[in-house]
2 protein chains.
Amino acid sequence: MLSCQLSADWQHHSTSYEEPTLGDSPYGSLWPLPQKVQISTVVFKLSGASFHIFDAKASSSGASCRLLQNAYRRYDEYIFTSSRKQGQNKSKKALASDMSELQVWITSADSECDSYPSVTSDESYKLSVDSPVAVLKAPKVWGALRGRVHGFYSTHCLYSDEEKSINRTDIHDFPRFAHRGLLLDTSRHFLPIKVILANLEAMAWNKFNVFHWHIVDDPSFPYLSRTFPQLSQHGAYHPYTHVYTPSDVKMIIEFARLRGIRVVPEFDTPGHTQSWGKGQKDLLTPCYSGASPSGSFGPVNPMLNTTYDFMSMFFKEVNTVFPDAYVHLGGDEVDFSCWKSNPDIQKFMEQQGFGMDYSKLESFYIQRLLDIVTTTNKGYMIWQEVFDNGVKLKSDTVVHVWMGNKVEEELQKVTEAGFTTILSAPWYLDYISYGQDWQKFYRAEPLSFKGTDAQKKLVIGGEACLWGEYVDATNLTPRLWPRASAVGERLWSDRDVRDLNDAYSRLAKHRCRMVQRGIPAEPLFTGYCAHEYKGV
Amino acid sequence: MLSCQLSADWQHHSTSYEEPTLGDSPYGSLWPLPQKVQISTVVFKLSGASFHIFDAKASSSGASCRLLQNAYRRYDEYIFTSSRKQGQNKSKKALASDMSELQVWITSADSECDSYPSVTSDESYKLSVDSPVAVLKAPKVWGALRGRVHGFYSTHCLYSDEEKSINRTDIHDFPRFAHRGLLLDTSRHFLPIKVILANLEAMAWNKFNVFHWHIVDDPSFPYLSRTFPQLSQHGAYHPYTHVYTPSDVKMIIEFARLRGIRVVPEFDTPGHTQSWGKGQKDLLTPCYSGASPSGSFGPVNPMLNTTYDFMSMFFKEVNTVFPDAYVHLGGDEVDFSCWKSNPDIQKFMEQQGFGMDYSKLESFYIQRLLDIVTTTNKGYMIWQEVFDNGVKLKSDTVVHVWMGNKVEEELQKVTEAGFTTILSAPWYLDYISYGQDWQKFYRAEPLSFKGTDAQKKLVIGGEACLWGEYVDATNLTPRLWPRASAVGERLWSDRDVRDLNDAYSRLAKHRCRMVQRGIPAEPLFTGYCAHEYKGV
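Note that this is a predicted model, so its numbers are computed, not measured.

### Remarks on the overall build of chain A
Then comes step 1: Summing up its helical and strand segments, chain A has 18 helices and 17 strands in all.
Then comes step 2: Going through the 536 residues of chain A one by one, you find that 64% of them count as buried.
Then comes step 3: Counted over contacts in chain A with a minimum sequence separation of 6, partners at least 24 positions apart contribute 75%.
Then comes step 4: Total accessible area computed for chain A in this model is approximately 19,700 Å², and 52% of it derives from carbon and sulfur atoms.

Laid out in structure tokens, this is it:
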């Protein structure tokens, strides 16, 4: 305790993080920074009365595309609500001329307006802001979404009280990594739908495109399964106030789709399954104390056929409920002590010739599970242990690297074996510390390991993880933003974008923009926003 | 970074804090624990339709006491709003009988209903819960406030959806320490009035009785002074959106008074005054770079008479605006480098015979300031450096111990010198760390230093401090509660109340109660509340 307190000797300056020098970035509040951007000093006026977003005539997608129309409305509200309410223009400086229109032009024949986003979705866009018309060109709607959020509306002045204005700008943008995810955990604490939706919205502002929904785990099972309703009936914290109904799940998936965000659910087995056992008899392994059952249970019971029957039906449902091409199957942190205590399991180990190697039993289970899921035509993601234990994986498996030690070696091994991988190890946002820890997240570089170009290409991205032990609706959102924004830029922008001072300046403004739009993103450091958070 | 990341190897169990075993406390959700409490297994029903709070006939204070009537209304709402809305009683178990009335009986002739609370206020109360009438007896209104909040309404079952009920209970309660404070910093980030009021409310639920308002500091000067309006005009983050007007201040003081909370403002000088200099010419010392002024400024200029004229007028105003008997004068962290650079200051040092000892110059300033404040009849609190530097202090001075090293030696010295003291060193809540750090705050013991009984009596309490670098309206409230609640119990309850498991059980329930009442108190650990936070 003293070693910790010693750092308190000077009240206000005692962290291991740098204090970025304050100053304006030439890129205003752009976050994450586009791949290529040119900002001119010429400024155009954006008038709330006359400005509108239109579909370009040549666009392959237009008024019939709900996704785009929905997005236009959203962004129109963000920019103009306050100024239109005031209903007047008090021009203070002479501006070059008016900008009256943003044309959105989807250039490829199939706009993908009604599709779900995927890991291969084209998110690129080009934005040219000139007078009197700005043009946002994108092959697919996904690029239009990315461009709208940060290419067009995030340059200078747009969140001031003054008249809205925008610099002449040219942007050509695309993501560095295809998988830019955020893990939220709805088992350790239940998160009301409202909280999930608000954070999906904030994800879009930060160009995240995967919501990794760690939906169930040991503490509770809030997923209401149509096939096995008893799972949440008995395994949720409360059978109807603390569950996600099928229509809740549908709403979340559609809300995410409209923002170009995939929803990848995680149903983690065979460990982390205490809550499953409450509603599903015989699913978990009975632990023994000496010669008799102790009354407590361990991981999923891998020796019973009923286990695999259950998993077949369960994942068949998951396949129909979640449209994404991938499901996360977990496979982390399996505790062997209960298996070891159980005489039936011991016998089974003998029969199978596993000796005393319980990781073989684990792999036995996982292998059968993967085969089951493969029949549903889903791809799967798994935590790194499954790979480490030598389970045979489909070639399109995504290995999720999370362990904090030997990260680079692990990335090397996984890609050497030819698997795609995503990284979370540096981005456990539940680990908090005093000061500006966004810098730590920002500095992490996913491709710093040794490997060939082909290996590097297998790193398709990463995920920020906010495990749920210490967060719920009361504190999740400010703990997440803008710390996750640092990960957002690392995964979207060019590898060379790493200037902490420039990042600080842009991020501080970006954070105030999130606050103004209603998300309680916490402050980076001493300072203020023109519009402070209005809730409590 | 690696040493930090190593702890992430196991996702969910990696802190230096104990994991308390879950279990019900025999004291339900009582927080902080009363000095003496007896809870019987006999349970009475509290019916929303018939239950009321009355002034006892013999009470010296009644319907004309706004403070009490206001409190009755508040607590009636907390308990019954939801159940009265439902408008029905679904009795599930037979209860002993109805409890229809709480009588509040102020026993001393002067109830102090219209007074401000002070360090000598009597906060004791006795509560007897029996059928059909519960009686809350207190010498003064302050005890009635304390009793109401936690003596009566916090025992079992009161925040369930089920019918409200209460056990037969006898409580005799009083605080261990008279000064139980919370420091909030409105300079590093401006805190909207709404945030301050919400946290005053939460303070009352945790039996805090001093709001230490660190109102101005280097970054901004949000206090709107009637005498020197230019201070906030130029020194606030924004001259009218980021200031506290005289009526704001009045409202905060009255809101606090109605909850038995003192408001002690801090105007910290001569350091921490950068923002003062923006509106008040010549107040700060010009720093030199070689032979000429550098353009930057240091601490208050101690050699000019105008400085003392200003302080006289300023603290005269402070005396009229803030009714509390004490003002906090700061005096911490004075940086000598600017004084050293200034040739006029060097000359002044020579004239005064201070040699090269700039702490003598600091003391020279502070001494004159204390004399000025003494003429306004205010007592003062100061940070420990002022005492350490040997400044002559009035006998009723409160020395505020905050430095993390040698805490016990400092307490020993201060009390040996005969001064009253309050402790903050173990309770810097801005220092966050992963896991259940409330345990660290809870374990701290203010009287563990070596000293006579007389010395121990000079420790009148402590304060939890939430400095403002990293908190504003977006995250302050969940970061504060229930972590500050741990300090609340340490300062109110008996020294022997230290059982972590019992505390965990009560605090988890207490935190859910705060959530249900609208305060986003963050979770202690994995789990849930029957009523989760409704905001986002």
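### Topic: the side chain of D437(B)
Residues and elements named next belong to chain B.
Then comes step 1: Among the structural elements, D437 can be located in the loop between strand 16 (420–423) and helix 14 (438–443).
Then comes step 2: By relative accessible area, which is 4% here, D437 ends up buried.
Then comes step 3: The residues contacting D437, other than those within four sequence positions of it, are Y17, Y431, I432 and R483.

### Remarks on the UniProt feature "domain: Glycoside hydrolase family 20 catalytic" (unreviewed entry) in chain A
Then comes step 1: With numbering matched to this structure, UniProt assigns "domain: Glycoside hydrolase family 20 catalytic" (unreviewed entry) to residues 177–494 of chain A.
Then comes step 2: Segment residues 177–494 of chain A splits into 40% helix and 18% strand. End C-alpha atoms: 10 Å apart.

### What to know about the interface of chain B and chain A
Then comes step 1: Each partner contributes to the interface: chain B provides 70 residues, whereas chain A provides 70 residues.
Then comes step 2: Of the roughly 6,400 Å² buried between chain B and chain A on both sides combined, carbon and sulfur atoms contribute 57%.
Then comes step 3: Taken together, chain B and chain A are joined by four salt bridges.
Then comes step 4: Where chain B packs against chain A, one counts 24 residue pairs in polar contact (both at pLDDT 80 or more).
Then comes step 5: Looking at which element gives the most residues to the side of chain B that touches chain A, the answer is helix 1 (residues 2–6) of chain B, with four residues.
Then comes step 6: Considered class by class, the residues forming the side of chain B that touches chain A number 36 nonpolar, 20 polar and 14 charged.

### Section: the state of the cysteines
Then comes step 1: For the structure on display, the rule yields six disulfides over all chains.
Then comes step 2: Between C512(A) and C529(A) runs a disulfide, and the two sulfur atoms are separated by 2.1 Å. With the S-S dihedral at roughly -85°, the linkage between C512(A) and C529(A) falls on the left-handed side. Here C512(A) is found in helix 18 (residues 500–516), whereas its partner C529(A) is found in the segment after helix 18, with 17 residues between them in sequence.
Then comes step 3: Exposure remark for C512(A): the relative accessible area of 12% places this residue in the buried category.
Then comes step 4: Each disulfide pairs two cysteine sulfurs, and for C65(B) the partner residue is C113(B), the sulfurs being separated by 2.0 Å. When the S-S torsion is 100°, as for the bridge of C65(B) with C113(B), the disulfide is right-handed.

### Focus: the UniProt feature "active site" (unreviewed entry) in chain A
All names here are of chain A.
Then comes step 1: The UniProt feature table records "active site" (unreviewed entry) at E333.
Then comes step 2: Looking at the secondary structure, you find E333 in the loop between strand 13 (326–328) and helix 9 (337–341).
Then comes step 3: At a separation of 2.7 Å, a polar atom in the side chain of E333 contacts the side chain of H272.

### Let's talk about the packing of aromatic side chains
Aromatic ring pairs are described here by two measures, namely the spacing of the ring centres and the angle between the planes.
Then comes step 1: Counted by the stated rule, this structure contains 75 aromatic pairs over all chains.
Then comes step 2: When the ring of Y434(A) is compared with that of Y431(B), the centres are 4.3 Å apart and the planes differ by 25°; the resulting orientation is stacked. Here Y434(A) is found in the loop between strand 16 (420–423) and helix 14 (438–443), whereas its partner Y431(B) is found in the loop between strand 16 and helix 14 on a different chain.
Then comes step 3: Classification of Y434(A) as buried rests on a relative accessible area of 10%.
Then comes step 4: A cation over an aromatic ring shows up here: R490(B) above the ring of Y442(B), its NZ or CZ 4.6 Å from the ring centre.

### Details of the pattern of salt bridges
Then comes step 1: The full count for this structure, using the stated rule, is 46 salt bridges over all chains.
Then comes step 2: Between K509(B) and D24(B) there is a salt bridge, with its nearest N and O atoms 2.9 Å apart. With K509(B) in helix 18 (residues 500–516) and D24(B) in the loop between helix 1 and strand 1 (36–46), this residue pair connects regions lying 485 residues apart in the sequence.
Then comes step 3: K281(B) is the salt-bridge partner of D282(B), the closest N and O atoms lying 3.7 Å from each other.
Then comes step 4: Take K281(B): its relative accessible area is 71%, and that puts it in the exposed class.
Then comes step 5: Residues joined by salt bridges that share partners form a network here, namely R176(A), E445(A), R495(A) and R498(A).

### Topic: the environment of I382(A)
Residue and element names in this part refer to chain A.
Then comes step 1: With respect to the helices and strands, I382 occurs in strand 14 (residues 379–383).
Then comes step 2: By relative accessible area, which is 0% here, I382 ends up buried.
Then comes step 3: Along the chain, I382 and L411 lie 29 residues apart, while their C-alpha atoms are 14 Å from each other.
Then comes step 4: Beyond its immediate sequence surroundings of up to four residues, I382 is in contact with H328, L329, G330, F387, L393, T397, V398, V399 and H400.

### A closer look at the relation of the copies chain B and chain A
Then comes step 1: With an axial shift of 0.0 Å and an RMSD of 0.0 Å, the rotation relating chain B to chain A amounts to 180°. Put plainly, the chains are arranged around a two-fold axis. Ranked by how close their C-alpha atoms come to the rotation axis, the residues of chain B are headed by S433(B), at 2.5 Å.
Then comes step 2: A shared binding surface is used by both copies, with 100% of the interface residues of chain B retained as interface residues in chain A.

### Side note on unusual backbone geometry
Then comes step 1: The residue after W481(A), namely P482(A), is reached through a cis peptide bond having omega 5°.
Then comes step 2: Within the secondary structure, P482(A) sits in the loop between helix 16 (476–480) and helix 17 (483–492).
Then comes step 3: Positive phi is not limited to glycine here, since D282(A) has a value of about 70°.
Then comes step 4: Checked against the element boundaries, D282(A) lands in the loop between helix 7 (274–279) and strand 11 (284–289).
Then comes step 5: A positive phi is found at K406(B), a non-glycine position, where the angle reads about 55°.
Then comes step 6: Residue position: K406(B) is located in the loop between strand 15 (398–401) and helix 13 (407–416).
Then comes step 7: The exposure class of K406(B) is exposed, given its relative accessible area of 58%.

### Structural notes on the pairing of strand 11 (residues 284–289) of chain B
Residues and elements named next belong to chain B.
Then comes step 1: Looking at chain direction, strand 11 and strand 12 (residues 292–300) are connected through four bridges and run antiparallel. Looking across to strand 12, one finds that L284 is bridged to V300.
Then comes step 2: Following strand 11, the chain reverses through two residues before pairing antiparallel with strand 12; G290 in that reversal takes a positive phi of roughly 70°.

### Thoughts on the packing of helix 8 (residues 305–321) of chain A against helix 11 (residues 358–375) of chain A
Helix packing for two helices is described by the angle between their axes and how far apart those axes are.
All names here are of chain A.
Then comes step 1: One can describe the packing of helix 8 onto helix 11 by two numbers: an axis separation of 10 Å at closest approach and a directional angle of 35°. Pair helix 8 / helix 11 crosses with right-handed handedness. Contacts between helix 8 and helix 11 involve N305, T307, Y308, M311, S312 and F315 on the former and, on the latter, F364, Y365, R368, L369, I372 and V373.
Then comes step 2: Of the residues contributing to the contact of helix 8 with helix 11, the split by class is eight nonpolar, three polar and one charged.

### Quick word on the nonpolar core
Then comes step 1: If you look at the biggest cluster of nonpolar residues, it comprises 302 residues, and the most contacted ones within it are F314(A), W481(A), F314(B) and W481(B).
Then comes step 2: Excluding its chain neighbours within four sequence positions, the residues that come into contact with W481(A) are L182(A), N199(A), A202(A), M203(A), N206(A), F208(A), M514(A), I519(A), A521(A) and E522(A).

### Considering the pairing of strand 6 (residues 133–138) of chain A
All names here are of chain A.
Then comes step 1: Here strand 6 shows a clear split, with A134, L136 and A138 buried on one side and none of V133, V135 and K137 buried on the other.
Then comes step 2: In this structure, strand 4 (residues 101–106) lies alongside strand 6, joined through six bridges in parallel fashion. By the bridge assignment, E101 is partnered in strand 6 with V133.
Then comes step 3: Where strand 5 (residues 125–129) folds back on strand 6, the antiparallel hairpin that results is connected by three residues.

Rules of the game
- Residues numbered from 1 in each chain as written.
- Chains lettered and ligands numbered in written order.
- Predicted model: local features only at pLDDT ≥ 70, side-chain atom pairs only at ≥ 80, totals over all residues.
- Heavy atoms only, no water.
- Helix = DSSP H or I, 4+ residues; strand = E, 2+ residues; numbered from the N terminus.
- Buried < 20%, exposed > 50% of the residue type's maximum accessible area, 1.4 Å probe, protein only.
- Contact = heavy atoms within 4.5 Å.
- Areas by Shrake-Rupley, 256 points an atom, 1.4 Å probe, with all protein chains shown as cover.
- UniProt positions renumbered as here; feature names shortened; annotations may be inferred.
- Buried area = accessible area lost by both parts, 1.4 Å probe.
- Salt bridge = Lys/Arg side-chain N within 4 Å of Asp/Glu carboxyl O.
- Polar contact = N/O pair within 3.5 Å; in protein donor to acceptor, adjacent residues only side chain to side chain.
- Nonpolar A, V, L, I, M, F, W, Y, C, P; charged D, E, K, R; others polar.
- Disulfide = S-S within 2.5 Å.
- Phe/Tyr/Trp six-rings, centres within 6.5 Å; stacked < 30°, edge-to-face > 60°.
- Lys NZ or Arg CZ within 6 Å of the ring centre and 35° of its normal.
- Least-squares fit on C-alpha atoms with pLDDT ≥ 70 in both.
- Pairing = 2+ DSSP bridges.
- Axes fitted to C-alpha atoms, helices over the stretch in contact; angles between N-to-C directions.
- Left-handed = near helix turned anticlockwise from the far one by under 90°.
- Core = buried A, V, L, I, M, F, W, Y, C linked by side-chain atoms within 4.5 Å.

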